[in-house]
Amino acid sequence: MTLRAATDKIICRDELIRRLGHPRSEAVVFTNGVFDLMHRGHASYLAAARALGDVLVVGLNTDASTRSLGKGDDRPLVGESDRAFMLGSLECVDYVCLFDEVTPAAVIDVLIPDVLVKGGDYDLDRVVGRETVESHGGRVELIPFVEGYSTTDLVHRIRKTADEPST
């Protein structure tokens, strides 16, 4: 197996569709998120998602998209190009596609993945793209969180430590 460079995995929406559009022979898995501070929970989640098919595509919120999600004025902490590179560095990730919209609906609508994956904090009814995927014979999978790992909690711990007086 040949390992691909992280930067080779970061592709635009048009290129993603050119490579993985219908008809295709591989089972395409799609997930998305901000992936601001990579941690063990992210790595476990992405590996579990990849195990559900032949190709894992990660839709990545751009910086502007992340700010519109209400995660805080100072988020993301890590810029989109660095977040994309980190995701592309993972062996289980085949492609990273940035999107500027608030949700990945437009990417899902044109890619039509075979499996759509979200974290266990979602209800099936709240998964963006569910109708598109299921109407084309695909399925939606919810992967449980790895307890104790949360970017928001990590940011709070870092800020708390920074605010403590040094002795």
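Above: the structure in question.
The shown structure was predicted, so the numbers you read here are calculated from the model rather than taken from an experiment.

**A word on the packing of aromatic side chains**
We describe a pair of aromatic rings using the distance from one ring centre to the other and the angle between the two ring planes.
No. 1: Scanning all chains against the criterion turns up 0 aromatic pairs.
No. 2: Positioned over the ring face of Tyr 95 is Arg 4, at 4.9 Å from the centre of the ring.

**Brief notes about the environment of Leu 69**
No. 1: Along the chain, Leu 69 turns up in the loop between helix 4 (63-67) and helix 5 (80-88).
No. 2: Judged by its relative accessible area of 35%, Leu 69 is partly exposed.
No. 3: For the pair formed by Leu 69 and Gly 120, sequence separation is 51 residues and the distance between their alpha carbons is 19 Å.
No. 4: Filtering out sequence-adjacent residues up to four positions away, Leu 69 remains in contact with Val 34, Asn 61 and Val 102.

**A closer look at the sheet that holds strand 5 (residues 139-143)**
No. 1: Across the sheet, 5 strands lie side by side as 3-2-1-4-5; this open sheet has parallel pairing. Because the sheet does not close on itself, it has two edges, and the strands there are strand 3 (95-99) and strand 5. With strand direction ignored, the average angle separating the axes of adjacent strands in the sheet is 25°.
No. 2: Two strands pair when backbone bridges link them, and strand 1 (residues 28-33) and strand 2 (residues 55-61) are joined in this way by 6 bridges, in the parallel orientation. Across the sheet, Asn 32 pairs through a bridge with Gly 59, a residue of strand 2.
No. 3: Helix-sheet contacts for helix 2 (residues 13-20) involve strand 1, strand 2 and strand 3, and the interaxial angle to strand 3 is about 140°.
No. 4: Of the strands in this sheet, strand 2 and strand 3 touch helix 5, which is tilted by about 165° from strand 2.

**With respect to helix 2**
Since there are 3.6 residues in each turn of an α-helix, residues three or four apart along the chain are aligned in direction.
No. 1: By the burial criterion, the buried members of helix 2 are Glu 15, Leu 16 and Leu 20. One face of helix 2 carries all of its buried residues, which in axial projection span an arc of 110°. In helix 2, those exposed residues whose orientation departs by more than 90 degrees from the buried face are Asp 14 and Arg 18.
No. 2: Each element contacted by the buried residues of helix 2 is listed here: strand 1, strand 2, strand 3 and helix 6 (105-111).

**Some thoughts on the nonpolar core**
No. 1: The biggest cluster of nonpolar side chains holds 17 residues, and the ones touching the most others in it are Leu 16, Leu 20, Phe 30, Val 57, Tyr 95, Leu 111 and Leu 116.
No. 2: Counting residues per element, the ones that place at least two in this core are helix 2, strand 1, strand 2, strand 3 and helix 6.
No. 3: Residue contacts for Phe 30: discarding those within four places in its chain leaves Val 57, Gly 59, Pro 104, Val 107, Ile 108, Leu 111, Pro 113, Val 115, Leu 116 and Val 117.
No. 4: Counting 16 residues, the second-largest nonpolar core is a separate cluster that includes Leu 56, Cys 92, Val 93 and Val 96.

Rules of the game
- Residues numbered from 1 in each chain as written.
- Predicted model: local features only at pLDDT ≥ 70, side-chain atom pairs only at ≥ 80, totals over all residues.
- Heavy atoms only, no water.
- Phe/Tyr/Trp six-rings, centres within 6.5 Å; stacked < 30°, edge-to-face > 60°.
- Lys NZ or Arg CZ within 6 Å of the ring centre and 35° of its normal.
- Helix = DSSP H or I, 4+ residues; strand = E, 2+ residues; numbered from the N terminus.
- Buried < 20%, exposed > 50% of the residue type's maximum accessible area, 1.4 Å probe, protein only.
- Contact = heavy atoms within 4.5 Å.
- Pairing = 2+ DSSP bridges.
- Axes fitted to C-alpha atoms, helices over the stretch in contact; angles between N-to-C directions.
- Arc of directions from axis to C-beta.
- Core = buried A, V, L, I, M, F, W, Y, C linked by side-chain atoms within 4.5 Å.

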